[in-house]
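# Residue-level structure breakdown
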Amino acid sequence: MKAVFFMIFVLIFSVIFGAEKASDYDFLTFFLMQVIESGSIDATVNMEFHLMDSDSNDSYRDMTVRMRFILSDWEDLYLEFFEPEELADISFVYLAREEVVFSMVNGIPWKQYRWSYEADLIGNLLGQFLRGLMEPANFSWEVENEPQRSVFRIVPSDTKLRFLGLLSGGGYIPNLMRIYISLFTREGYSPTLDYVKITDRLEEEYLYIEFETFSLSVDRRIFSDSRKKFYESFQK
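Attention here is on the structure that accompanies the text. (Residues numbered from 1 in each chain as written. Predicted model: local features only at pLDDT ≥ 70, side-chain atom pairs only at ≥ 80, totals over all residues. Heavy atoms only, no water.)

Core analysis: the biggest nonpolar cluster contains 30 residues, and Leu-28, Phe-31, Val-45, Leu-193, Phe-211 and Phe-214 have the highest contact counts within it. Counting 10 residues, the second-largest nonpolar core is a separate cluster that includes Tyr-78, Leu-95, Phe-102 and Val-218. (Core = buried A, V, L, I, M, F, W, Y, C linked by side-chain atoms within 4.5 Å. Buried < 20%, exposed > 50% of the residue type's maximum accessible area, 1.4 Å probe, protein only.)

Printed below as a string of structure tokens:
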């Protein structure tokens, strides 16, 4: 898990420092340096899915998920769902030392899953995807600086799309996605995440992640308590 996150930031930094005007990315650079130094994130997010209905090419389905995401020291991970109602009070904890994921309902452990093989597989797949994403032949980076916000856009290369014959359609494979990263950049404040948006090339389908709260300070007691509950579950 730790190696995956470090690879993400190394790849992004390589793109930033290779840009013609690296100064345009000062806010993003500073934000990434803060995240790397902290190694921890506590965020509450609203995720809006807008996807084409599989039963009809003319209509879309929308779903909203509200959740809390906590990463501690690049290792332990905690997810807690608030919405929709069907997921409320369900949480998942990944404990790196134990290499286990377990779910909880209303704070009570429910099921456990060994995760070492799956974590390695996800890391490898994510690494391949990110290397393609950061390849200049596949994508270009653009930035728009506003008075209190900077929006960084990762857009597919028209040259690569022509080569693949994909200019007429959308899709989610890496060379067809558009990614938007918005940071609040108010004077006197550290940059913080505003939203992340991932769309198909035609921007008809999307995943929009809005950050209600974002902090690099984490109360690690949530993991010590979860670890205690995990071991106590063997005593029952």
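With that settled, consider the sheet that holds strand E1 (residues 41–52). Spatially, E6-E5-E4-E3-E2-E1-E11-E10-E9-E8-E7 is the arrangement adopted by the 11 strands of the open sheet, whose pairing is antiparallel. Taken across any chain shown, the strands that pair with only one partner, and hence form the sheet edges, are strand E6 (108–114) and strand E7 (139–146). Taking the axes of each pair of neighbouring strands and ignoring which way they run, one obtains an average angle of 20° across the sheet. As paired elements, strand E9 (residues 178–184) and strand E10 (residues 192–199) share 7 bridges and run antiparallel to each other. (Pairing = 2+ DSSP bridges. Helix = DSSP H or I, 4+ residues; strand = E, 2+ residues; numbered from the N terminus. Axes fitted to C-alpha atoms, helices over the stretch in contact; angles between N-to-C directions.)

What the rule picks out here adds up to 11 salt bridges. One salt bridge in this structure joins Asp-76 and Arg-227, with 3.4 Å as the shortest N-O distance. One end of the pair, Asp-76, is in strand E3 (residues 76–83); the other, Arg-227, is in helix H5 (residues 221–232), with 151 residues separating them in the sequence. For Arg-227, a relative accessible area of 13% gives the class buried. Of the charged contacts in the structure, one is a salt bridge between Arg-149 and Asp-194, with a shortest N-O distance of 2.8 Å. Of this pair, Arg-149 sits in strand E8 (residues 149–156) while Asp-194 sits in strand E10, placing them 45 residues apart in sequence. Among the residues examined, Arg-149 registers a relative accessible area of 25% and is labelled partly exposed. (Salt bridge = Lys/Arg side-chain N within 4 Å of Asp/Glu carboxyl O.)

Inspection of every chain in the model, using the stated rule, returns 4 aromatic pairs. Considering the side-chain rings of Phe-31 and Phe-214, the 5.6 Å spacing of their centres and the 45° angle between planes classify their relative orientation as tilted. Of the two residues, Phe-31 is situated in helix H2 (residues 26–38) and Phe-214 in strand E11 (residues 206–215); the sequence distance between them amounts to 183 residues. Among the residues examined, Phe-31 registers a relative accessible area of 6% and is labelled buried. (Phe/Tyr/Trp six-rings, centres within 6.5 Å; stacked < 30°, edge-to-face > 60°.)

Here we take up the pairing of E8. By the criterion of burial, E8 is predominantly enclosed, with 6 of the 8 residues buried. Where E7 folds back on E8, the antiparallel hairpin that results is connected by 2 residues.

All right, on to H5 then. The terminal C-alpha atoms of H5, which comprises 12 residues, lie 16 Å apart, in line with the 16 Å expected from a rise of 1.5 Å per residue. Among the residues of H5, Phe-223, Ser-226, Arg-227 and Phe-230 are the ones counted as buried. Here the buried residues of H5 occupy an arc of 100° about the axis, which is enough to place them on one side. Away from its buried face, by an angle of more than 90 degrees, H5 presents the exposed residues Arg-221 and Lys-228. (Expected span 1.5 Å × (residues − 1). Arc of directions from axis to C-beta.)

In this structure, the amide linkage connecting Glu-83 to the following residue, Pro-84, adopts the cis form with an omega of 5°. Here Pro-84 lies in the loop between E3 and strand E4 (90–95). The backbone phi angle of Asp-73 is positive, close to 55°, even though this residue is not glycine. Locating Asp-73 in the fold gives a position in the loop between strand E2 (60–72) and E3. One non-glycine residue, Trp-74, lies in the positive phi region at around 65°. Position of Trp-74 among the secondary structure elements: in the loop between E2 and E3. Under the relative-accessibility criterion, Trp-74 is labelled buried at 6%.

The analysis is restricted to geometry; functional conclusions fall outside its scope.
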